[in-house]
Structure formats: C-alpha cells, structure tokens
Amino acid sequence: METVKYTLTEQQMPTAWYNIQADLPAPAPPVLHPGTGQPITPDDLAPLFPMALIMQEVSQERTIEIPEEVQSIYRQWRPSPLYRARRLEQALDTPAKIYYKYEGVSPAGSHKPNTAVPQAYYNKQEGVKRLTTETGAGQWGSALAFAGALLGLEVLVFMVKISYQQKPYRHALMNAYGARVIPSPSTETQAGRAILAEHPDSTGSLGIAISEAVELAAQSDDTKYALGSVLNHVLLHQTVVGLEAQAQLEMAGDYPDIIIGCTGGGSNFAGISFPFIGAKLRGERDVQVIAVEPAACPSLTRGIYAYDFGDTAHLTPLVKMHTLGSTFVPEGIHAGGLRYHGMAPLVSHVVQLGLVEPRAEPQLGCFAAGLTFARSEGILPAPEANHAVKTVIDEALRCKEEGTSKVILFNLCGHGHFDMQAYMDYEAGKLRDHEYSQEEVAMALAGLPVVG
Ligand SMILES: *Cc1c(COP(=O)(O)O)cnc(C)c1O
C-alpha cells in the first residue's frame with residue numbers, strides 16, 4: 001500500500017501564529033491577582049515572564065508574527081508531515097478517512113519545542129540568563145533544555161518524582177542538552193520542603209513542581225519561569241500545528257468533520273484545533289472537536305469550572321478553568337504529561353461555549369489502541385497521544401457501524417520511544433485502570449479559593 005504523506009515546502013510554513021482570542025464570541029474571564037482578587041496587570045507578571053510573552057498572553061490580535069530566528073529554528077523539523085492513516089483505516093475496515101499530524105519529528109520528540117523555542121527566544125531578547133520550569137513525563141523539560149541549548153540559556157528543571165523514577169532516559173536527555181534536573185518535591189525550595197515535611201513519600205505532581213520552579217524564578221532578576229502548557233501564549237505558539245494541517249488538508253482536497261486531541265494542560269489540542277475552531281467561529285466551516293483526557297485525572301469531564309491556583313503552594317495567579325483542585329495529586333499513571341489538576345483557560349472556555357466535547361478514557365484501552373496504531377502505521381505513540389488514538393479508533397468504528405465516511409484529523413503529538421517502560425508494564429499486565437476518587441477530589445475542591 002502507498003504511504004500517503006502531505007509535506008509543505010519551507011516557504012509554505014506559516015509566518016504567523018493564530019490567536020483565537022480575536023474570534024471568541026465572549027472573552028475568556030480575566031486572570032486575577034491572588035491577593036487583591038482584581039484582574040492582574042502586565043507588571044504583576046513581569047517577575048516571572050518576559051514582557052513580549054505577557055503581551056501575547058493578553059493580545060486580541062488575530063495573527064502574531066513568528067520572529068525570523070524562531071522560524072529558522074522551526075525549519076529544522078517544520079513543516080511537520082501530515083499522514084493519511086491508510087493502513088489503520090484498512091485494519092479497522094472503516095469508511096472513515098483518518099489523517100494525523102505527526103509532531104514526533106521534533107528533536108525532543110513531541111510538539112513541545114513549538115513553544116519552547118519562542119519562549120527561550122523572547123527571554124533571551126530581554127536579557128534573561130536562566131529559565132526554571134517543571135516537567136511531568138519529561139517531554140516539556142527536554143523541549144526547554146533543547147531550546148535553551150540552542151539559544152544559550154541555562155535551564156533548571158523540577159521533574160515530578162514519580163516520572164524521574166519511571167523515566168531515567170528523559171532526565172538523561174535533559175542532562176545531555178546541558179540542563180540541570182531535580183526530582184520534585186525537593187529540599188531546594190520552601191514549597192518542596194513544606195510538602196516533604198507533610199508527605200515524606202510524596203511522588204510529586206505538576207502542581208508541586210510548578211510551585212518550586214516559580215519560587216526560584218521570583219527570587220532572582222536574571223531568572224524567569226517557563227510553562228509548557230496552559231497559558232494563552234503557549235497555546236498560541238502551538239497553532240503552527242493546526243495552520244500547517246489546514247494547508248496540508250487543502251492539498252489533500254479534504255476538510256475534517258472531526259478533530260481529536262489529547263489534553264493535559266491543553267496545548268497540543270489547542271494547537272491542532274484552534275485554527276479550525278476559528279474558521280467555525282467566523283462562519284466559514286463547521287467542525288466537531290473532541291478533547292480526550294485520562295479518566296484518572298478528568299478535569300474537563302468531572303472537575304468544576306471555577307477560579308483556582310495553577311500550583312499547589314498557591315504562588316500563581318488565579319485562573320478560571322476546569323479544575324480538580326490545586327492540591328489534587330493524580331494517580332501515577334503512565335501518561336505523565338496528562339497529570340495536571342487544571343486545564344488551559346482558553347480550552348475550558350471553548351468547552352463552556354459548547355465548541356468542544358470533552359471525553360475521558362481509562363489508560364488500558366488507550367495502550368491497546370496505541371499498539372493497534374503502531375502495528376498498522378509503524379509509529380509508536382507517546383502514552384498521552386494514545387488517548388487521542390483510542391478516540392479516533394472509536395469514531396472510525398462508529399463510521400463503519402453507521403456506514404458514514406467522515407474525515408477525522410488528530411494530533412499525534414509525540415512518539416513513545418522514551419516510554420518503553422510503560423509499554424513493557426502494559427504488556428506484562430502490571431497496569432491498572434485507576435478509579436478517580438470522588439472523596440479525594442471533594443477534599444481538594446473544598447480548598448478552592450473564594451473569589452468575590
Ligand atoms: C506534554 C504532553 C502532553 C500534554 O500536554 P498538552 O499541553 O495537553 O499538550 C501530551 N502529549 C505529549 C506527547 C506531551 O509531551
């Protein structure tokens with residue numbers, strides 16, 4: 001069978017990102033200062049982020065130019081390929097057409113360098129010497145370590161302890177790029193020491209690691225903080241994925257009926273879907289969009305839409321999002337990149353507007369789907385991406401049942417080469433489907449901040 005692949009030339013690569021804020025029927029609720037309860041100002045964020053990124057965070061412009069130096073680094077792996085999954089379609093015997101955008105071609109193996117590179121670039125422009133960050137599965141840490149190496153910034157990564165133990169090759173990769181990696185919770189910060197005093201065996205969480213990274217960044221002038229998901233500017237940078245996919249599908253002569261992405265903090269999902277949701281909002285073309293999260297950390301499907309902190313120690317501003325509570329520590333499932341208590345405010349907002357349908361999937365079915373994909377398409381997806389793959393297969397089988405031929409597009413946001421332990425554990429029957437504990441979450445939600 002012919003491989004069907006759509007590639008753009010470097011000249012066809014997008015030269016601007018797409019900002020969905022310009023097309024929203026109602027603006028997303030403002031970010032609030034935790035002390036005053038008032039909307040935060042750019043100055044409030046200045047200790048943590050460079051001004052260029054803060055301005056992108058609040059921008060209402062539809063397009064924001066990609067700096068030439070960022071484009072030149074993007075060109076190392078962009079435009080990324082769009083494949084038609086003909087062999088998977090055949091294996092499923094479905095009349096659906098399945099397309100996937102493959103972001104595993106980046107040096108770090110996922111979509112994360114799409115934002116790591118511009119973030120490092122703008123920090124460098126403003127004279128920053130060192131970036132601190134957190135990482136769950138290690139994908140974001142590797143991406144920022146890569147970007148820091150290319151742009152000449154020091155990178156310090158707090159890695160969720162359970163992932164540090166499960167994924168030694170991930171921190172080895174960050175070290176190879178010259179970054180320093182510290183398992184979190186650590187004794188290097190007040191936030192980490194406080195957690196360890198209460199829970200000496202804590203396996204960590206993204207919320208805790210964020211607290212540690214933010215604390216260090218806030219303490220020194222030449223150090224800033226970088227976040228790999230959730231924030232508006234991160235989602236903005238990821239739209240390069242969907243913009244390329246739009247051009248590639250035009251080459252294919254198709255338009256998606258359904259777009260599917262997995263959601264941790266929401267960035268790869270927003271990256272592939274926001275340009276298409278924008279077209280829908282402008283009345284150009286309708287599309288069904290599905291966001292898939294793990295059943296063990298179901299912020300969109302079972303959390304509540306409320307103002308909450310982005311971290312456990314409550315150092316971040318308050319954002320309105322679907323949340324399980326900032327002290328919620330999800331089960332140590334293998335899709336580490338999806339273990340975040342909250343969701344990007346812009347993704348929460350489009351879910352509230354009814355533009356996106358959220359779903360939750362337990363991990364065992366996702367691993368099975370990932371292996372089906374690998375055995376037909378030859379690419380082993382990251383465990384996070386398997387949540388999208390599972391839903392794609394479900395939708396393709398529904399097409400078969402109903403005798404309809406829909407066009408399905410999904411983001412294959414990373415490969416699973418650093419996640420082989422997860423696949424080995426799956427094959428050995430060691431993985432479980434964790435039931436999300438209603439009691440534990442009720443406790444975490446009881447701690448939600450009161451906002452006037
Ligand atoms: C980080 C990561 C995710 C989750 O983050 P999002 O911001 O929701 O995209 C999903 N998949 C992969 C491969 C990742 O590296």
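Counting restarts for each chain: residues are numbered from 1 in the order of the written sequence. Reporting of local features is limited, given that this is a predicted model, to residues whose pLDDT is at least 70; pairs of side-chain atoms are given and counted only at 80 or more, and all residues count toward the totals for whole chains, interfaces and linings. Where side-chain values are given, they derive from all heavy atoms of the structure, hydrogens and water being excluded.

Only protein atoms enter the 1 Å grid used here. Points where a 1.4 Å probe fits but cannot escape make up a cavity, open sets with protein on both sides within 12 Å along at least five of seven lines make up a pocket, and a residue lines them when an atom lies within 4 Å of a point. Grid points are joined across faces, edges and corners, and a volume is the space filled by probe spheres set on the points. Under the counting rule described, the total for this entry stands at four cavities of 30 Å³ or more. Approximately 380 Å³ is the volume attributed to the largest cavity. The wall of the largest cavity is formed by 30 residues, among which K112, L206, S229, G265 and G337 lie closest to the centre. Strands here mean DSSP runs of E at least two residues long; helices mean DSSP runs of H or I at least four residues long; both are numbered from the N terminus. Of all the secondary structure elements, the ones that give two or more residues to the lining of the largest cavity are strand 6 (130-135), helix 6 (139-151), helix 10 (206-219) and helix 12 (267-281). Residue composition of the lining of the largest cavity, grouped by class: 11 nonpolar, 16 polar and three charged. As for the second largest cavity, its lining consists of Y18, N19, I20, Q21, Q56, N232, H233, L235, L236, T239, F274 and L346. The leading source of residues in the lining of the second largest cavity is helix 11 (residues 232-252), at five residues. Charged residues are taken to be Asp, Glu, Lys and Arg, nonpolar residues to be Ala, Val, Leu, Ile, Met, Phe, Trp, Tyr, Cys and Pro, and polar residues to be all remaining types, Gly included. Along the lines of polarity and charge, the residues of the lining of the second largest cavity split into six nonpolar, six polar and no charged.

Moving on: the pairing of strand 5 (residues 97-102). Per-residue accessibility, obtained with a 1.4 Å probe over protein chains only, is compared with the maximum for each type, and a residue is labelled buried under 20%, exposed over 50%, and partly exposed between these values. The element strand 5 is extensively covered by neighbouring structure, given that five of its six residues are classed as buried. Two strands pair if DSSP finds at least two bridges between them. Note that strand 4 (residues 82-84) and strand 5 share three bridges and pair antiparallel. Paired with Y83 across the bridge in strand 5 is Y100.

Here four strands make up an open sheet; going across it, the order is 8-7-6-9 and the pairing parallel. A single partner strand is all that each edge strand has here, and the edge strands are strand 8 (180-184) and strand 9 (223-225). The average undirected angle you get between the axes of adjacent strands in this sheet is 25°. Across six bridges, the pairing between strand 6 and strand 7 (residues 154-160) is parallel. Residue E134 lies in a different strand from strand 7, and its bridge partner there is F158. Of the strands in this sheet, strand 6 and strand 7 touch helix 6, which is tilted by about 160° from strand 6. Angles shown run from 0 to 180 degrees and are taken between the N-to-C directions of axes, each axis being a line fitted to C-alpha atoms and, for helices, limited to the stretch in contact. Contacts are assigned to residue pairs that have any heavy atoms within 4.5 Å of one another.

Here we take up the nonpolar core. In this description, a nonpolar core means a group of buried Ala, Val, Leu, Ile, Met, Phe, Trp, Tyr and Cys residues linked to one another through side-chain atoms lying within 4.5 Å. Judged by nonpolar contacts, the single largest core of 92 residues is most densely connected at W17, Y225, F274, V347, V356 and L409. Judged by nonpolar contacts, the second largest core, of 31 residues, contains A85, C262, V292 and C413.

With that settled, consider the packing of aromatic side chains. Stacked, tilted and edge-to-face are the three classes applied to pairs of Phe, Tyr and Trp rings, where Trp contributes its six-membered ring and a pair requires centres within 6.5 Å; stacked means planes under 30 degrees apart, edge-to-face means over 60, and tilted covers the rest. Scanning the entire structure with this criterion turns up 13 aromatic pairs. Taking the centre distance of 5.9 Å and the plane angle of 55° together, the rings of F49 and Y225 count as tilted. Taken together, the residues F49 in the loop between helix 1 (42-45) and helix 2 (51-58) and Y225 in strand 9 connect sequence positions 176 residues apart. Using a relative accessible area of 9% as the deciding quantity, one classes F49 as buried. Looking at Y225, the relative accessible area reads 3%, which means it is buried. A ring pair is formed by F367 and Y426, whose centres lie 5.4 Å apart and whose planes are at 20°; its orientation type is stacked. Within this pair, whereas F367 is found in helix 15 (residues 363-377), its partner Y426 is found in helix 17 (residues 420-427), the two being separated by 59 residues in sequence. Aromatic ring contacts, followed pair by pair, group Y74, W77, F146 and Y177 into a single cluster.

A word on the layout of surface pockets. Volume-wise, the largest pocket comes out at about 620 Å³. Taken together, 34 residues line the largest pocket, and the ones lying closest to its centre are V31, I40, E57, L231 and V319. Counting residues per element, the lining of the largest pocket draws most heavily on helix 2, which supplies four residues. The space that makes up the second largest pocket amounts to roughly 480 Å³. In this structure, the second largest pocket is lined by 18 residues; those nearest its centre are I195, H199, I208, T327 and V329. Of all the secondary-structure elements, those providing two or more residues to the lining of the second largest pocket are helix 9 (190-198), helix 10 and helix 18 (438-446).

Moving on to the site of the ligand. For this purpose, a residue is taken to be near a molecule or strand whenever a single non-hydrogen atom of the residue falls within 4 Å of it. Taken together, 17 residues surround the ligand, and among them K112, S229, G264, S267 and N268 come closest. The contact in question runs from an oxygen atom of the ligand to an N or O atom on the side chain of S229, over 2.5 Å. Polar contacts here mean pairs of N or O atoms no more than 3.5 Å apart (in protein, one a potential hydrogen donor and the other a potential acceptor; neighbouring residues in sequence count only if both atoms are side-chain atoms). In this structure, an oxygen atom belonging to the ligand sits 2.7 Å away from a side-chain N or O atom of N268. Residue-level accessible areas treat just the shown protein chains as cover; the underlying method is Shrake-Rupley with a 1.4 Å probe. For the ligand, the protein covers 97% of the area, taking 380 Å² as the surface of the free molecule.

Let us now look at unusual backbone geometry. In the segment running from R78 into P79, the intervening peptide bond is cis, with an omega of -10°. Mapped onto the secondary structure, P79 falls in the loop between helix 3 (68-74) and strand 4. Cis peptide bonds are those with omega within 30 degrees of zero, and the linkage from S184 to P185 qualifies with 10°. Looking at the secondary structure, you find P185 in the loop between strand 8 and helix 9. The backbone of D93 sits at a positive phi, close to 50°, despite the residue not being glycine. With a relative accessible area of 54%, D93 lands in the exposed category. In this structure, H314 takes a positive phi of about 65° despite not being glycine.

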